[in-house]
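So the chains spell out like this:
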Amino acid sequence: MKILVTGGAGYVGSHAARTLARRGHRVVLYDNLSTGHAALAQGFPLIRAELADVALLRQALDGVDLVMHFAAHAYVGESVLNPRKYFQNNVQDALVMLNTVLDCGIRSFVFSSTCATYGIPAQIPISEDAPQNPVNPYGDTKLFFERALNAYSAYGLRSVLLRYFNAAGADESSQLGELHEPETHLIPLALDVAAGRRDHLDVFGNDYPTPDGTCIRDYIHVNDLAEAHLLAAEHLSSGGSSLALNLGTGQGHSVKEVISTVERLTGKAVRHEIKPRRPGDPPTLVADPGRAQKLLRWKATRSFDDIIRSGWSWTTRSAAKQ
Ligand code: UDP
(Lines give C-alpha, C1' and ligand atoms only; values in the text may rest on other atoms or scores of the structure.)
Protein backbone atom coordinates (compact mmCIF):
# COMPACT_ATOMS: atom_id res chain seq x y z
CA MET A 1 0.00 0.00 0.00
CA LYS A 2 1.04 3.61 -0.48
CA ILE A 3 0.24 5.54 2.70
CA LEU A 4 0.36 9.28 3.34
CA VAL A 5 1.20 10.04 6.98
CA THR A 6 0.26 13.58 8.03
CA GLY A 7 2.28 14.64 11.05
CA GLY A 8 4.84 12.00 10.08
CA ALA A 9 7.69 14.03 11.59
CA GLY A 10 6.01 14.02 15.00
CA TYR A 11 6.30 11.62 17.90
CA VAL A 12 3.67 8.96 17.18
CA GLY A 13 3.58 9.59 13.40
CA SER A 14 7.32 8.95 12.98
CA HIS A 15 7.10 5.66 14.87
CA ALA A 16 4.07 4.58 12.83
CA ALA A 17 5.93 5.45 9.60
CA ARG A 18 8.86 3.19 10.60
CA THR A 19 6.53 0.32 11.46
CA LEU A 20 4.68 0.64 8.14
CA ALA A 21 7.93 0.79 6.17
CA ARG A 22 9.36 -2.23 8.04
CA ARG A 23 6.29 -4.13 6.86
CA GLY A 24 6.98 -3.13 3.24
CA HIS A 25 4.45 -0.34 2.75
CA ARG A 26 5.39 2.76 0.76
CA VAL A 27 5.21 5.74 3.11
CA VAL A 28 5.20 9.46 2.35
CA LEU A 29 5.31 11.97 5.21
CA TYR A 30 3.41 15.24 5.13
CA ASP A 31 4.32 17.72 7.87
CA ASN A 32 4.76 21.48 8.23
CA LEU A 33 7.47 20.93 10.89
CA SER A 34 5.70 23.36 13.24
CA THR A 35 6.11 20.84 16.05
CA GLY A 36 7.62 17.96 14.08
CA HIS A 37 11.35 17.45 13.51
CA ALA A 38 13.12 16.77 10.21
CA ALA A 39 15.42 14.41 12.17
CA LEU A 40 12.45 12.14 12.93
CA ALA A 41 11.56 12.02 9.20
CA GLN A 42 14.97 10.76 8.08
CA GLY A 43 14.87 8.06 5.44
CA PHE A 44 11.40 9.01 4.18
CA PRO A 45 10.15 11.35 1.48
CA LEU A 46 8.91 14.41 3.40
CA ILE A 47 6.55 16.95 1.92
CA ARG A 48 6.84 20.07 4.03
CA ALA A 49 3.46 21.77 3.67
CA GLU A 50 0.42 23.05 5.50
CA LEU A 51 -2.47 20.68 6.11
CA ALA A 52 -4.90 22.95 4.26
CA ASP A 53 -2.66 23.57 1.24
CA VAL A 54 -4.98 21.90 -1.25
CA ALA A 55 -2.65 22.16 -4.24
CA LEU A 56 0.31 20.51 -2.49
CA LEU A 57 -1.92 18.02 -0.78
CA ARG A 58 -3.40 16.93 -4.10
CA GLN A 59 0.11 16.26 -5.42
CA ALA A 60 1.02 14.39 -2.25
CA LEU A 61 -2.08 12.22 -2.55
CA ASP A 62 -1.20 11.00 -6.03
CA GLY A 63 -1.35 7.19 -6.01
CA VAL A 64 -2.08 7.04 -2.26
CA ASP A 65 -4.32 4.19 -1.04
CA LEU A 66 -4.81 5.26 2.57
CA VAL A 67 -4.23 8.33 4.75
CA MET A 68 -3.07 8.25 8.37
CA HIS A 69 -3.73 11.53 10.08
CA PHE A 70 -1.55 12.55 13.04
CA ALA A 71 -0.97 16.25 12.32
CA ALA A 72 -2.60 18.00 15.27
CA HIS A 73 -1.92 20.25 18.20
CA ALA A 74 -2.01 18.12 21.32
CA TYR A 75 -1.41 20.10 24.50
CA VAL A 76 -4.47 20.04 26.75
CA GLY A 77 -3.40 23.12 28.76
CA GLU A 78 -2.62 25.17 25.66
CA SER A 79 -5.99 24.24 24.15
CA VAL A 80 -7.71 25.82 27.16
CA LEU A 81 -5.67 29.04 26.84
CA ASN A 82 -5.73 29.26 23.04
CA PRO A 83 -8.70 27.25 21.72
CA ARG A 84 -8.68 29.10 18.42
CA LYS A 85 -5.36 27.51 17.50
CA TYR A 86 -6.83 24.07 18.20
CA PHE A 87 -10.10 24.54 16.29
CA GLN A 88 -8.17 26.07 13.37
CA ASN A 89 -5.72 23.19 12.97
CA ASN A 90 -7.48 20.15 14.38
CA VAL A 91 -10.89 20.95 12.88
CA GLN A 92 -10.85 23.61 10.17
CA ASP A 93 -7.60 22.68 8.38
CA ALA A 94 -8.17 19.00 9.06
CA LEU A 95 -11.56 19.19 7.31
CA VAL A 96 -9.96 20.85 4.28
CA MET A 97 -7.51 17.94 4.22
CA LEU A 98 -10.26 15.35 4.64
CA ASN A 99 -12.33 16.87 1.82
CA THR A 100 -9.27 16.84 -0.43
CA VAL A 101 -8.67 13.19 0.44
CA LEU A 102 -12.25 12.42 -0.63
CA ASP A 103 -11.93 14.51 -3.79
CA CYS A 104 -8.85 12.47 -4.70
CA GLY A 105 -10.92 9.30 -4.52
CA ILE A 106 -9.36 7.87 -1.32
CA ARG A 107 -11.79 6.06 0.95
CA SER A 108 -9.56 4.59 3.69
CA PHE A 109 -8.52 6.68 6.69
CA VAL A 110 -6.83 6.02 10.03
CA PHE A 111 -7.21 8.75 12.65
CA SER A 112 -5.08 9.49 15.68
CA SER A 113 -7.70 10.18 18.34
CA THR A 114 -7.52 10.24 22.10
CA CYS A 115 -9.00 9.10 25.38
CA ALA A 116 -9.49 12.85 26.05
CA THR A 117 -12.70 12.48 24.01
CA TYR A 118 -14.19 10.62 27.01
CA GLY A 119 -13.70 13.46 29.48
CA ILE A 120 -14.10 12.31 33.07
CA PRO A 121 -15.24 8.72 32.81
CA ALA A 122 -17.94 7.31 35.06
CA GLN A 123 -16.39 3.85 34.88
CA ILE A 124 -12.86 2.42 34.82
CA PRO A 125 -11.64 0.69 32.69
CA ILE A 126 -13.04 2.80 29.84
CA SER A 127 -14.71 0.98 26.97
CA GLU A 128 -15.42 2.45 23.55
CA ASP A 129 -19.10 2.65 24.44
CA ALA A 130 -18.47 5.09 27.31
CA PRO A 131 -20.07 8.52 26.75
CA GLN A 132 -17.79 10.99 25.00
CA ASN A 133 -17.92 14.28 26.92
CA PRO A 134 -14.55 16.03 26.55
CA VAL A 135 -13.56 18.47 29.29
CA ASN A 136 -11.14 20.58 27.25
CA PRO A 137 -10.97 22.07 23.73
CA TYR A 138 -8.31 19.57 22.65
CA GLY A 139 -10.74 16.69 23.33
CA ASP A 140 -13.56 18.69 21.66
CA THR A 141 -11.57 19.06 18.45
CA LYS A 142 -10.67 15.37 18.30
CA LEU A 143 -14.28 14.36 18.92
CA PHE A 144 -15.46 16.77 16.21
CA PHE A 145 -13.16 15.12 13.69
CA GLU A 146 -14.24 11.63 14.79
CA ARG A 147 -17.83 12.70 14.09
CA ALA A 148 -16.93 14.06 10.66
CA LEU A 149 -15.29 10.73 9.80
CA ASN A 150 -18.36 8.82 10.95
CA ALA A 151 -20.67 11.10 8.92
CA TYR A 152 -18.46 10.75 5.85
CA SER A 153 -19.37 7.08 5.65
CA ALA A 154 -22.14 8.64 3.52
CA TYR A 155 -19.43 8.98 0.82
CA GLY A 156 -18.18 5.44 1.26
CA LEU A 157 -15.31 6.48 3.56
CA ARG A 158 -14.14 3.75 5.95
CA SER A 159 -12.12 4.85 8.95
CA VAL A 160 -10.43 3.47 12.02
CA LEU A 161 -10.47 5.90 14.99
CA LEU A 162 -7.67 5.03 17.40
CA ARG A 163 -8.16 6.52 20.86
CA TYR A 164 -4.77 6.52 22.54
CA PHE A 165 -4.22 6.55 26.23
CA ASN A 166 -0.78 7.89 27.31
CA ALA A 167 1.78 7.37 24.54
CA ALA A 168 5.27 6.93 25.97
CA GLY A 169 8.67 5.31 25.37
CA ALA A 170 10.82 5.28 22.26
CA ASP A 171 11.77 3.10 19.32
CA GLU A 172 14.05 0.24 20.35
CA SER A 173 16.72 1.57 17.91
CA SER A 174 17.02 4.77 20.03
CA GLN A 175 16.91 6.67 16.70
CA LEU A 176 13.43 7.99 17.44
CA GLY A 177 11.72 9.23 20.56
CA GLU A 178 9.72 11.95 22.21
CA LEU A 179 10.87 15.49 21.28
CA HIS A 180 8.26 17.97 22.42
CA GLU A 181 9.06 21.65 22.79
CA PRO A 182 8.13 22.53 25.46
CA GLU A 183 7.97 19.10 27.11
CA THR A 184 4.99 18.75 29.43
CA HIS A 185 4.62 14.97 29.70
CA LEU A 186 5.40 13.14 32.88
CA ILE A 187 7.72 10.36 31.73
CA PRO A 188 10.17 12.44 29.62
CA LEU A 189 10.25 15.06 32.38
CA ALA A 190 11.03 12.46 35.05
CA LEU A 191 13.76 11.00 32.81
CA ASP A 192 15.21 14.48 32.27
CA VAL A 193 15.44 14.95 36.05
CA ALA A 194 17.19 11.57 36.35
CA ALA A 195 19.61 12.62 33.60
CA GLY A 196 20.40 15.87 35.43
CA ARG A 197 18.88 18.02 32.69
CA ARG A 198 16.19 19.39 35.00
CA ASP A 199 16.35 20.25 38.63
CA HIS A 200 13.13 18.60 39.77
CA LEU A 201 9.69 17.38 38.76
CA ASP A 202 6.44 18.98 39.89
CA VAL A 203 3.87 16.39 40.98
CA PHE A 204 0.46 17.86 40.20
CA GLY A 205 -1.61 16.84 43.21
CA ASN A 206 -1.31 14.09 45.81
CA ASP A 207 -4.85 14.31 47.16
CA TYR A 208 -6.68 12.41 44.43
CA PRO A 209 -8.98 9.48 45.31
CA THR A 210 -6.33 6.92 44.27
CA PRO A 211 -4.30 4.54 46.49
CA ASP A 212 -1.26 6.86 46.76
CA GLY A 213 -3.13 10.13 46.08
CA THR A 214 -1.51 10.78 42.66
CA CYS A 215 -3.17 10.45 39.23
CA ILE A 216 -3.25 7.12 37.46
CA ARG A 217 -2.72 6.78 33.71
CA ASP A 218 -2.48 3.91 31.21
CA TYR A 219 0.96 4.34 29.60
CA ILE A 220 1.28 2.63 26.25
CA HIS A 221 4.54 2.10 24.35
CA VAL A 222 4.67 4.20 21.18
CA ASN A 223 5.69 1.16 19.10
CA ASP A 224 2.67 -0.78 20.37
CA LEU A 225 0.60 2.16 19.15
CA ALA A 226 2.48 2.10 15.85
CA GLU A 227 1.68 -1.60 15.39
CA ALA A 228 -2.01 -0.90 15.95
CA HIS A 229 -1.87 1.65 13.11
CA LEU A 230 -0.36 -0.94 10.82
CA LEU A 231 -3.08 -3.45 11.70
CA ALA A 232 -5.77 -0.77 11.25
CA ALA A 233 -4.45 0.03 7.76
CA GLU A 234 -4.38 -3.65 6.82
CA HIS A 235 -7.89 -4.11 8.23
CA LEU A 236 -9.17 -1.36 5.91
CA SER A 237 -7.21 -2.56 2.89
CA SER A 238 -8.70 -6.02 3.25
CA GLY A 239 -12.21 -4.51 3.13
CA GLY A 240 -12.83 -4.23 6.90
CA SER A 241 -15.53 -1.92 8.23
CA SER A 242 -15.10 1.31 10.20
CA LEU A 243 -14.00 0.93 13.83
CA ALA A 244 -13.37 3.02 16.95
CA LEU A 245 -10.81 1.43 19.27
CA ASN A 246 -9.09 2.21 22.53
CA LEU A 247 -5.33 1.72 22.55
CA GLY A 248 -4.01 1.14 26.03
CA THR A 249 -2.62 -1.70 28.12
CA GLY A 250 -5.48 -1.97 30.61
CA GLN A 251 -2.98 -1.30 33.44
CA GLY A 252 -2.77 1.96 35.35
CA HIS A 253 0.33 3.51 36.97
CA SER A 254 0.34 6.47 39.35
CA VAL A 255 2.66 9.47 39.14
CA LYS A 256 4.50 8.16 42.22
CA GLU A 257 4.95 4.78 40.54
CA VAL A 258 6.41 6.48 37.47
CA ILE A 259 8.93 8.24 39.71
CA SER A 260 9.89 5.10 41.62
CA THR A 261 10.21 3.05 38.42
CA VAL A 262 12.44 5.69 36.80
CA GLU A 263 14.59 5.68 39.96
CA ARG A 264 14.79 1.87 40.02
CA LEU A 265 15.67 1.48 36.32
CA THR A 266 18.09 4.40 36.00
CA GLY A 267 19.69 4.19 39.42
CA LYS A 268 19.24 7.97 39.74
CA ALA A 269 17.13 10.03 42.09
CA VAL A 270 14.15 11.95 40.73
CA ARG A 271 13.81 15.01 42.92
CA HIS A 272 10.19 16.10 43.04
CA GLU A 273 7.90 18.60 44.72
CA ILE A 274 4.18 18.29 45.38
CA LYS A 275 2.22 21.05 43.66
CA PRO A 276 -1.51 21.80 43.34
CA ARG A 277 -3.62 19.74 40.96
CA ARG A 278 -3.38 20.63 37.27
CA PRO A 279 -6.80 21.83 36.03
CA GLY A 280 -8.60 19.32 33.83
CA ASP A 281 -6.74 16.19 35.04
CA PRO A 282 -9.11 13.27 35.72
CA PRO A 283 -7.88 11.13 38.67
CA THR A 284 -7.76 7.84 36.74
CA LEU A 285 -7.74 6.97 33.03
CA VAL A 286 -7.31 3.30 32.15
CA ALA A 287 -8.39 1.62 28.90
CA ASP A 288 -10.37 -1.49 28.35
CA PRO A 289 -8.36 -2.61 25.31
CA GLY A 290 -10.52 -5.70 24.67
CA ARG A 291 -12.13 -4.50 21.46
CA ALA A 292 -8.81 -3.83 19.68
CA GLN A 293 -7.64 -7.25 20.77
CA LYS A 294 -10.78 -8.88 19.41
CA LEU A 295 -11.19 -6.96 16.16
CA LEU A 296 -7.59 -6.16 15.17
CA ARG A 297 -5.86 -8.96 17.07
CA TRP A 298 -3.75 -6.22 18.64
CA LYS A 299 -2.36 -6.28 22.12
CA ALA A 300 0.33 -4.19 23.78
CA THR A 301 3.41 -6.41 24.10
CA ARG A 302 5.81 -3.99 25.79
CA SER A 303 5.78 -3.64 29.56
CA PHE A 304 5.82 -0.52 31.70
CA ASP A 305 9.52 -1.20 32.41
CA ASP A 306 10.15 -1.42 28.63
CA ILE A 307 8.57 2.02 28.25
CA ILE A 308 10.82 3.58 30.88
CA ARG A 309 13.94 1.74 29.66
CA SER A 310 13.47 2.74 26.00
CA GLY A 311 12.68 6.33 27.04
CA TRP A 312 15.87 6.36 29.13
CA SER A 313 17.99 5.14 26.17
CA TRP A 314 16.53 7.90 24.03
CA THR A 315 17.01 10.55 26.75
CA THR A 316 20.64 9.64 27.37
CA ARG A 317 21.33 9.38 23.65
CA SER A 318 19.78 12.75 22.83
CA ALA A 319 21.57 14.29 25.85
CA ALA A 320 24.88 13.02 24.43
CA LYS A 321 24.13 14.81 21.13
CA GLN A 322 23.67 18.22 22.82
N1 UDP B 1 2.07 15.18 35.69
C2 UDP B 1 2.78 15.65 36.81
N3 UDP B 1 3.83 16.47 36.60
C4 UDP B 1 4.23 16.88 35.35
C5 UDP B 1 3.52 16.39 34.24
C6 UDP B 1 2.45 15.55 34.45
O7 UDP B 1 2.46 15.32 37.95
O8 UDP B 1 5.20 17.66 35.25
C9 UDP B 1 0.94 14.27 35.90
C10 UDP B 1 -0.35 14.81 35.31
O11 UDP B 1 -1.04 15.58 36.27
C12 UDP B 1 -1.08 13.51 34.94
C13 UDP B 1 0.04 12.53 34.62
O14 UDP B 1 1.22 13.09 35.21
O15 UDP B 1 -1.78 13.03 36.06
C16 UDP B 1 0.25 12.35 33.15
O17 UDP B 1 0.39 13.62 32.56
P18 UDP B 1 0.91 13.83 31.08
O19 UDP B 1 1.00 15.32 30.85
O20 UDP B 1 2.16 13.04 30.87
O21 UDP B 1 -0.21 13.19 30.18
P22 UDP B 1 -1.81 13.46 30.11
O23 UDP B 1 -2.43 12.43 31.01
O24 UDP B 1 -2.08 14.87 30.53
O25 UDP B 1 -2.13 13.23 28.67
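Everything numeric in this text was worked out from a predicted model, so none of it was measured. The residue numbering used here restarts from 1 in each chain and proceeds along that chain's sequence as written. Only residues with pLDDT of 70 or above have their local features reported here, since the model is predicted, and side-chain atom pairs are shown and tallied only from 80 upward, although totals for entire chains, interfaces and linings are computed over all residues. Think of the side-chain values as coming from all heavy atoms in the structure, minus any hydrogens and water.

**As for the site of the ligand**
Whether a residue is near a molecule or strand is decided by its heavy atoms; if any one of them lies within 4 Å of it, the residue is near. Near the ligand, the surroundings consist of 15 residues, among which Leu-186, Asp-202, Arg-217, Arg-278 and Asp-281 are the closest. Between the ligand and Arg-217 there is a distance of 2.9 Å, counted from an oxygen atom to a side-chain nitrogen or oxygen. Method for areas: the Shrake-Rupley scheme with a 1.4 Å probe, in which residue coverage is limited to the protein chains shown. Here the ligand has 510 Å² of accessible area as a free molecule, and 88% of this is covered by the chains. Segments assigned H or I by DSSP are reported as helices when at least four residues long, segments assigned E as strands when at least two residues long, and all are numbered from the N terminus. Elements with a contribution of two residues or more to the shell around the ligand: helix H6 (186-194) and strand S8 (201-204). Sorting elements by how many residues they give to the shell around the ligand places S8 first, with four residues. Three categories are distinguished: nonpolar for Ala, Val, Leu, Ile, Met, Phe, Trp, Tyr, Cys and Pro, charged for Asp, Glu, Lys and Arg, and polar for the others, with Gly belonging to the last. Residue composition of the shell around the ligand, by class: eight nonpolar, three polar and four charged. In the analysis that follows, any N or O atom pair within 3.5 Å is treated as a polar contact, provided that within protein one partner can donate a hydrogen and the other can accept it, and provided that, for residues neighboring in sequence, both atoms belong to side chains.

**Examining the packing of aromatic side chains**
Pairing of aromatic rings covers Phe, Tyr and Trp, the last counted by its six-membered ring, and requires centre-to-centre distances within 6.5 Å; plane angles under 30 degrees mean stacked, over 60 mean edge-to-face, and any other angle means tilted. Counting across every chain of the model gives four aromatic pairs. A ring pair is formed by Phe-111 and Phe-145, whose centres lie 4.9 Å apart and whose planes are at 55 degrees; its orientation type is tilted. Placement of the pair is Phe-111 in strand S5 (residues 108-114) and Phe-145 in helix H5 (residues 137-151), with a sequence separation of 34 residues. Only protein chains enter the calculation, and the probe is 1.4 Å; a residue is then buried if its accessible area is under 20% of its type maximum, exposed if over 50%, and partly exposed in between. Note on Phe-111: relative accessible area 2%, which makes it buried. Cluster of aromatic residues (ring-pair linked, three or more members): Phe-109, Phe-111 and Phe-145. Note that Arg-277 overlies the ring of Tyr-208, its terminal NZ or CZ placed 4.0 Å from the centroid. Distance and angle both matter: a charge sits over a ring if NZ of Lys or CZ of Arg is within 6 Å of the ring centre and within 35 degrees of the ring normal.

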